[in-house]
Protein chains: 2
Amino acid sequence: MRLCVLGAGAVGSAVVELAAEHGHVVTAFADSDSAVVDADGIDADAVLSKKREDGVVGDADPESVFDADYDVLVEATPTTLGDAEPGFSHVERALYDVLVEATPTTLGDAEPGFSHVERALADDRHVVLANKGPVAERYADVRALEADSEGTVRFGATVGGALPILSTIEDVGPSRVSAVYGVLNGTANFVLSRMAAEGLDYEHVLAEAQDLGVAEADPTFDVDGTDTALKGVIVANVLAEGETEFTLDDAAVEGIQELSGGMLDLAQEDGQTIRLIVEVADGSVRVGPRLVSANGAVAPSGTENAVQIEADYCGRLGITGRGAGGPETASAVLTDVERLAD
Amino acid sequence: MRLCVLGAGAVGSAVVELAAEHGHVVTAFADSDSAVVDADGIDADAVLSKKREDGVVGDADPESVFDADYDVLVEATPTTLGDAEPGFSHVERALYDVLVEATPTTLGDAEPGFSHVERALADDRHVVLANKGPVAERYADVRALEADSEGTVRFGATVGGALPILSTIEDVGPSRVSAVYGVLNGTANFVLSRMAAEGLDYEHVLAEAQDLGVAEADPTFDVDGTDTALKGVIVANVLAEGETEFTLDDAAVEGIQELSGGMLDLAQEDGQTIRLIVEVADGSVRVGPRLVSANGAVAPSGTENAVQIEADYCGRLGITGRGAGGPETASAVLTDVERLAD
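Under the annotation held in an unreviewed UniProt entry, chain A carries the name homoserine dehydrogenase and is attributed to Haloferax lucentense. As recorded by UniProt, the Sequence similarities (unreviewed entry) comment attached to chain A reads in full: "Belongs to the homoserine dehydrogenase family."

Written out as structure tokens, the structure reads:
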């Protein structure tokens, strides 16, 4: 497949780096200010070096990528300020500078991601999303555009990165899934794990997480539940199969900022702990700190994610792993590309 | 899709029962002694009642199903004596009587399952396996027949029932998976969980498991590691992508029959426990009791399964759930049918 990759953050860059190994060719690559287009395939190493050194991927206009020859648009521009997931190296974080500027426009109208999707579908191309915005905030619009296009939209990478959450829901059949719940934000989980293990307070652990690069300088969307809620909303949209549309406004969201170390200590006396849990069930999305069994299925440690899918006939399926990070998410993007190629 | 279902045990019967809900039609259904064929779709309730009451599914010759109109052959005849998984109701176990007779022929040459596959592929039909035999014991033969056919063989249900293990390996790409390990037999896991929790000996717990219907009257293949090894061999065949062929002879297999309650007590003093673990890595398949962290990713409780997949870029993906049972495995079969329909 010939890929057009939008977004030169950790995910987009990793897609460019790994595409060849998966047998695909990147014919166009853009960040918010620049682009490089080559019908024979761009030179990944050279382009990623240029991005690191000069801050741009090439000399062309970002708009020019839509005129390139490509089969699949990989939409990896940032959704939210909080979307720079744990595990980013300093280089990767430096690449992510454009994220801050893009933020105010992405929640609510999901721009510029939505317009990218619209344009690719109008040209009958496929779209693979790493950006949560379009399917969290404008799901019905995306599906309507897809219905009028020869192209297909896939977005497995938007929920849990490489964890096979959406693909499992798809395989089981959304109508047979009664509930999806668990931990979908590694930064919040790291903070809560450390608070429980060390008996420290929120502010203290958060500062440590920022030092370690596990939390961003502004971790608002990770700790206030917004990032988790966006993922829950996407799951809810998939489960509703078009009968209802969910956006962030439909989610009841509470963060972990008010939790004290003492509350975690109390929980531990009963063999429990506290995690930031999303629950998607019965047509609702709820996010908040919840008491869970300390060694249970939805109490992962560190930056891990852990989700349970309850489905008719299958019972409870549990899926755990690193839910974020450039290579992990890029791997999920390339799995979606592969499914489109089949 | 029009399905031809071979095998009227728990899995085959559940496929017949659930097919309509998934939008498919069963046009032929056979056990080892009888068959029913109807181009408009068999009456599932009537046929399953007949099987329960008269011990046969219909009045036709089992061979007649191959002349029926169908798109996908669902091969759910039994592989091994130990394959009647936990959770079978008494009714389901009654349906499984034919299993014992079929047993001696299936290990080694994978018959009669292999011939069923051969015949369907020769007719350019698809095949979905619930029966492990053909892909554990004659993988290369199955792939060679598939290469000469318009039909495709899928076998997601053979490893962990509804757990998305093989589909995740397929999505990530077998060449990027470096190791697969964990618990794939619910009966053995139940026995070890109970021994650890109650401090009882193997013989005692096994008798209890048999009373509960969690272990078969003859649980040999569950407790001696054979069932787990067959699943590991299938995974190894998938990872090898045709470069090497694995059969049960290539697996190093040790069971749990020799374990004492005292050994589990000793393990617990260190926060560990013992589980029957399969490890597929570096071109080898090993099955045996292993010390694992008591609250770790591969120490599920009761009859649960728990597997870790280590893959480049994705890290460690964990998958847990009920790895056996009629409806669970039927659900996996129907997922494979769905993927063929796409």
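That was the structure; now back to the text.
Draft legend 1. View of the nonpolar core. Counting residues in each nonpolar core, the largest one holds 148 residues, and the members touching the most others are Ile-169 of chain A together with Ile-169 of chain B. Beyond its immediate sequence surroundings of up to four residues, Ile-169 of chain A is in contact with Pro-174, Val-177, Val-180, Val-235, Val-238, Leu-239 and Ile-309 of chain A.

Draft legend 2. Structural view of the pairing of strand β11 (residues 304-311) of chain A. Residue and element names in this part refer to chain A. Among the eight residues of β11, six are classified as buried, and the element is accordingly described as predominantly covered. With six bridges joining them, strand β7 (residues 177-183) and β11 adopt antiparallel strand pairing. Bridging from a neighbouring strand, Val-177 pairs with Ala-311 of β11. Looking at chain direction, β11 and strand β12 (residues 315-322) are connected through eight bridges and run antiparallel. Bridge assignment links Ile-309 to a residue of β12, and that residue is Leu-317. In this structure, the hairpin formed by β11 and β12 is closed by a connection of three residues, where Tyr-313 is found at a positive phi of approximately 70°.

Draft legend 3. Structural context of the interface of chain B and chain A. Counting from both sides, the interface comprises 28 residues of chain B and, opposite them, 28 residues of chain A. Together chain B and chain A conceal approximately 2,400 Å² of surface at their shared face, both sides included; 47% is due to carbon and sulfur atoms. Among the residues of chain B in contact with chain A, Asp-171, Arg-176 and Tyr-313 of chain B are the three that bury the most area, contributing 25% of the side total. Where chain B packs against chain A, one counts four salt bridges. Notably, a salt bridge pairs Glu-21 of chain A with Arg-176 of chain B, separated by 3.3 Å at the nearest N-O pair. Our enumeration of links across chain B and chain A arrives at 14 residue pairs in polar contact (both at pLDDT 80 or more). Of all the secondary-structure elements, those providing two or more residues to the side of chain B that touches chain A are α8 (165-172), β12 (315-322) and α14 (326-341) of chain B. When residues of the side of chain B that touches chain A are assigned to their parent elements, the largest contribution, eight residues, is made by β12 of chain B. The residue inventory of the side of chain B that touches chain A, partitioned by class, reads ten nonpolar, eleven polar and seven charged. Bridge count between β12 of chain A and β12 of chain B: three bridges; the pairing is antiparallel. Note that in β12 of chain B the partner of Ile-319 of chain A across the bridge is Ile-319 of chain B.

Draft legend 4. Fine view of the sheet that holds strand β4 (residues 72-75) of chain A. Residue and element names in this part refer to chain A. A sheet is described by the order of its strands in space; here six strands give the open sequence β3-β2-β1-β4-β5-β6, paired in mixed fashion. In the strand order of this sheet, the two ends are held by β3 (35-37) and β6 (153-154), each with one partner. Direction of pairing for strand β5 (residues 126-129) relative to β6: parallel, over a ladder of two bridges. Residue Val-128 lies in a different strand from β6, and its bridge partner there is Arg-154. Running at roughly 175° to β4, helix α5 (residues 113-122) makes contact with β1 (2-6), β4, β5 and β6 of the sheet. Where helix α14 (residues 326-341) meets the sheet, it contacts β1, β4, β5 and β6, and its direction lies at approximately 155° from that of β5.

Draft legend 5. Geometry of the UniProt feature "binding site: NADP(+)" (unreviewed entry) in chain A. All names here are of chain A. Look at the UniProt record and you will see "binding site: NADP(+)" (unreviewed entry) annotated at Gly-7, Ala-8, Gly-9, Ala-10, Val-11 and Gly-12. Relative to the helices and strands, Ala-8 resides in the loop between β1 and α1 (10-18). Since its relative accessible area comes to 6%, Ala-8 is described here as buried. Residue placement: Val-11 occurs in helix α1.

Draft legend 6. Here's a closer look at the relation of the copies chain B and chain A. The operation relating chain B to chain A is a screw motion whose rotation component is 180°, with 0.0 Å of axial translation and a residual RMSD of 0.0 Å. Considering both components of the superposition, the chain copies are consistent with a two-fold axis. When C-alpha positions in chain B are compared against the rotation axis, the closest is assigned to Ile-319 of chain B, at 2.3 Å.

Draft legend 7. Representation of a negative patch on the surface in the model. All names here are of chain A. Taken together, the side chains of Asp-67, Asp-123, Asp-124 and Glu-150 present a region of like negative charge at the surface. Topologically, Asp-124 is positioned in the loop between α5 and β5. Exposure remark for Asp-124: the relative accessible area of 40% places this residue in the partly exposed category.

Reading the values: rules and limits
- Residues numbered from 1 in each chain as written.
- Chains lettered and ligands numbered in written order.
- Predicted model: local features only at pLDDT ≥ 70, side-chain atom pairs only at ≥ 80, totals over all residues.
- Heavy atoms only, no water.
- UniProt positions renumbered as here; feature names shortened; annotations may be inferred.
- Core = buried A, V, L, I, M, F, W, Y, C linked by side-chain atoms within 4.5 Å.
- Buried < 20%, exposed > 50% of the residue type's maximum accessible area, 1.4 Å probe, protein only.
- Contact = heavy atoms within 4.5 Å.
- Helix = DSSP H or I, 4+ residues; strand = E, 2+ residues; numbered from the N terminus.
- Pairing = 2+ DSSP bridges.
- Buried area = accessible area lost by both parts, 1.4 Å probe.
- Salt bridge = Lys/Arg side-chain N within 4 Å of Asp/Glu carboxyl O.
- Polar contact = N/O pair within 3.5 Å; in protein donor to acceptor, adjacent residues only side chain to side chain.
- Nonpolar A, V, L, I, M, F, W, Y, C, P; charged D, E, K, R; others polar.
- Axes fitted to C-alpha atoms, helices over the stretch in contact; angles between N-to-C directions.
- Least-squares fit on C-alpha atoms with pLDDT ≥ 70 in both.
- Patch = residues over 30% accessible without salt bridge, like charges linked within 9 Å, V, L, I, M, F, W, Y side chains within 5 Å.
- Areas by Shrake-Rupley, 256 points an atom, 1.4 Å probe, with all protein chains shown as cover.
- Lys, Arg positive; Asp, Glu negative; His and termini not counted.
- Charge placed at Lys NZ, Arg CZ, Asp CG, Glu CD.

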